[in-house]
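Given next are the chains, with one letter for each unit.
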Amino acid sequence: QHHPKYNISLRDDKSYPYLRLSVQETFPGIEIIRRPRDDGALYFGPYSSAQSLKEIKRLLQKVFNIRDCSQQKFSNRTRPCLNFDLHLCSAPCVRFIDEEQYRTTVEEMIAFLRGQNRELIESLRKEMEKSSESLNFERALKLRDQLRAIDRVLEHQHVLSEKVIDQDLFGIFREGGLCLIVILTVRGGLLLGKQQFPFHKAQGETEEILSSFLHQYYEKNFIPKEILLPLQIEEAGLLTELLGNRKGERVLLHAPQRGEKKALVKMAEENARELSATVLQRVEEIEESLLELQNKLGLSDVPRIIECYDISTLFGKESVGSRVRFVDGEPQKSGYRHYRIREVEGMDDFAMIAEVIERRVLRGGEMPDLMVIDGGRGQLNAALKTLEKLEIEHVEVVGLAKERVKRDYRATKIEKKIDRVFIPDRDEPLTLDPRSPALHLLQRIRDESHRFAITFHQQRRGKLGMRSILDEIPGIGKAKRLSLLRHFGSVAAIKEASVKELESVPGMSRSLAQKIRDFFRKS
């Protein structure tokens, strides 16, 4: 709140994904979640790469055939889903596998995730050979495919320690104003990922920066059993006690001086040193882009803070606006905003831009150095008039729009879209060199604003479509619609439900359940 001297704003307020196994259920399921809960389930992670974790989850399903559907869908299924046909699930929902067999498979997967790979691989190999010798080639083939899938899972994992232990390894590199902190995430002795946090204007002693970082980082992130640091910090005892209270068990936080743990920390520091070259190069490129942007657009100052605005609509329905905010060439997610268009009916982009800009100014907050409007002269003028009406004078504004340009290559007319920058008080738009770093930065910011607007618009349209189809059923009001959605989870599940399943929903009569079934059968 008060921006203290050593405050560290962790980027994006990002949470990292976990693999959740609902062992408290009769037939446990596997899923990826962001925030662990105290619900009796087993959690593995956190993983630094969501994409990597999705691939690991898919391969685990291929190896162990564990279900990944919600408990609600699992309880209401009357036939196997597509995952059964794809050999990704053993269909416990319709009892194609009994509870004891399924539990055995779950225990094998838990052992595998905890790093006990050798035993599992050896067991599967022996079973494959035994099946082959007894001429059960179909079973042997399935086991062979499982072993290959396990090899693919293990490609993502690097063994750092024979001990089954959770650790975070910290490395720090400082040069000039840059302080780069790298965290290597070790879970069950396996290196699962790497996170990097560059701070470009770090002040004070490295020890103070690290101490401040640790306090803030572990407010929201998983606290491992061991935290290994590259240097001693004065408040180590106090921080150890604090983290232990948060975790509910003893946490070891120290800076090792020798042995295996010292080697692990040194590896983290080497990672920080290697990454620093890339970070410093990126800083130089961004600085070059910002300076060129100032010169090309004739801005009075270097645009350190840039905001971009976009509108997304479909025939004037569920129209939305978006704002993205970049600071020193990098996205600042806390400055992102969605706007549901309230005052404009139909398709009027100019009026929508005016509404979004007015709401942004009236809501307050630090204004940007440069506003980029996704659009041409009309959208730019709408934004300028709104700022003039609100007596905002110190913000520079430009428009960025694609225009079709015909070029003659070898006597063939080719139509190409190029980006042009519209500048106030300049009749003709500015065309920047396609290789220009300034143009690349503007395009990156505009594309992010476009993505942010479209995603929100699709969500709005999806909710509208979900509401409308259920509201078309006679006798279904808001309360019954919500009750159906809570029970089944989606319109698709309601469509597949039988009259008996629909009748089991609280407040639903048999006649109304029959109406719903008839409606979806006809539609």
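Residues numbered from 1 in each chain as written. Predicted model: local features only at pLDDT ≥ 70, side-chain atom pairs only at ≥ 80, totals over all residues. Heavy atoms only, no water.

A. Structural detail: the overall build of the protein chain. The secondary structure content of the protein chain amounts to 16 helices and 16 strands. For the protein chain, the proportion of its 523 residues judged to be buried stands at 45%. In the protein chain, of all internal contacts separated by at least 6 residues, the share reaching a separation of at least 24 is 58%. Approximately 28,700 Å² of the protein chain is accessible, and the part contributed by carbon and sulfur atoms is 48%. (Helix = DSSP H or I, 4+ residues; strand = E, 2+ residues; numbered from the N terminus. Buried < 20%, exposed > 50% of the residue type's maximum accessible area, 1.4 Å probe, protein only. Contact = heavy atoms within 4.5 Å. Areas by Shrake-Rupley, 256 points an atom, 1.4 Å probe, with all protein chains shown as cover.)

B. Layout of the sheet that holds strand β2 (residues 30-33). Overall, antiparallel pairing links the three strands, which are arranged β2-β1-β3 in an open sheet. Every interior strand has two partners, whereas the edge strands, β2 and β3 (42-44), have only one. The average undirected angle you get between the axes of adjacent strands in this sheet is 30°. The sheet contacts of helix α1 (residues 50-64) involve β1 (18-21) and β2, and relative to β2 the element is tilted by about 175°. Taken strand by strand, helix α4 (residues 99-113) contacts β1, β2 and β3, and its axis lies near 155° from that of β1. (Pairing = 2+ DSSP bridges. Axes fitted to C-alpha atoms, helices over the stretch in contact; angles between N-to-C directions.)

C. Molecular detail of the side chain of Q195. Summarising the element assignment, Q195 is placed in strand β7 (residues 190-199). Of the residues examined, Q195 reaches a relative accessible area of 4% and is grouped as buried. A polar contact of 3.2 Å, which involves the side chain of Q195, links it to the side chain of Y217. (Polar contact = N/O pair within 3.5 Å; in protein donor to acceptor, adjacent residues only side chain to side chain.)

D. Highlighting a positive patch on the surface. A cluster of basic side chains, namely R337, R340, R342 and R363, defines a positive patch on the protein surface. By the secondary structure assignment, R337 is in strand β13 (residues 337-340). (Patch = residues over 30% accessible without salt bridge, like charges linked within 9 Å, V, L, I, M, F, W, Y side chains within 5 Å. Salt bridge = Lys/Arg side-chain N within 4 Å of Asp/Glu carboxyl O. Lys, Arg positive; Asp, Glu negative; His and termini not counted. Charge placed at Lys NZ, Arg CZ, Asp CG, Glu CD.)

E. Focus on a negative patch on the surface. Negative charge collects at one region of the surface, where E205, E208, E234 and E235 lie side by side. Within the fold, E235 resides in the loop between β8 (226-228) and α8 (236-247). In this structure E235 comes out as partly exposed when scored by relative accessible area, which is 33%.

F. Structural view of the packing of helix α7 (residues 206-220) against α8. Between α7 and α8, whose axes approach to 11 Å, the crossing angle comes to 5°. The orientation of α7 relative to α8 falls into the category roughly parallel. Listed contacts from α8 to L214, H215, Y218 and E219 of α7 are L239, L242, L243 and R246. In the contact of α7 with α8, the residues fall into five nonpolar, one polar and two charged. (Parallel < 35°, antiparallel > 145°, perpendicular 65-115°, else oblique. Nonpolar A, V, L, I, M, F, W, Y, C, P; charged D, E, K, R; others polar.)

G. Spatial organisation of the side chain of E25. Looking at where E25 falls in the secondary structure, it is placed in the loop between β1 and β2. In contact with E25, not counting residues within four places along its chain, are R67, Q71 and R103.

H. Examining α7 more closely. Taking 1.5 Å per residue, 15 residues should reach 21 Å; α7 reaches 22 Å between its end C-alpha atoms and fits that length. For α7, every residue scored as buried is listed here: I209, L210, S211, S212, F213, L214, Y217 and Y218. If you follow the buried residues of α7, they end up packed against β5 (167-175), β6 (178-187), β7, β8 and α8. (Expected span 1.5 Å × (residues − 1).)

I. View of the packing of helix α10 (residues 349-363) against helix α11 (residues 377-389). Close contact between α10 and α11 brings their axes to 8 Å; oriented N to C, the two are set at 35°. Relative to α11, the crossing made by α10 is right-handed. Along its contact with α10, which presents D349, F350, I353, A354, I357, E358 and V361, the element α11 presents G378, Q379, A382, A383, T386, L387 and K389. Along the lines of polarity and charge, the residues of the contact of α10 with α11 split into eight nonpolar, three polar and three charged. (Left-handed = near helix turned anticlockwise from the far one by under 90°.)

J. Looking closely at the pairing of strand β10 (residues 305-314). Counting buried residues in β10 gives eight out of ten residues, a clear majority hidden from the surface. Of the strand pairs in this sheet, β10 and strand β14 (residues 370-374) are connected by four bridges, and their pairing is parallel. Bridging from a neighbouring strand, E307 pairs with M371 of β14.

K. Structural detail: the environment of V395. On the secondary structure map, V395 appears in the loop between α11 and β15 (396-409). Sequence spacing of V395 and M371 is 24 residues, and the spatial spacing of their C-alpha atoms is 7.1 Å. Ignoring anything within four residues of it in the chain, the contact list for V395 reads M367, P368, D369 and M371.

L. Representation of the pattern of salt bridges. Scanning the entire structure with this criterion turns up 23 salt bridges. Here E358 ties to K389 by a salt bridge, and the two come within 3.2 Å at their closest N and O atoms. Of this pair, E358 sits in helix α10 while K389 sits in helix α11; the two residues are 31 residues apart in sequence, bridging distant segments of the chain. Overall, the relative accessible area of 24% leaves E358 in the partly exposed class. A salt bridge links K402 to D419, with the nearest nitrogen and oxygen atoms 3.4 Å apart. On the criterion of sequence distance, the pair formed by K402 in strand β15 and D419 in strand β16 (residues 412-422) is long-range, its members being 17 residues apart. We classify K402 as partly exposed; its relative accessible area is 47%. Look at the salt bridges and you will find they share partners, linking E307, R323, R325, R360 and E366 into a network.

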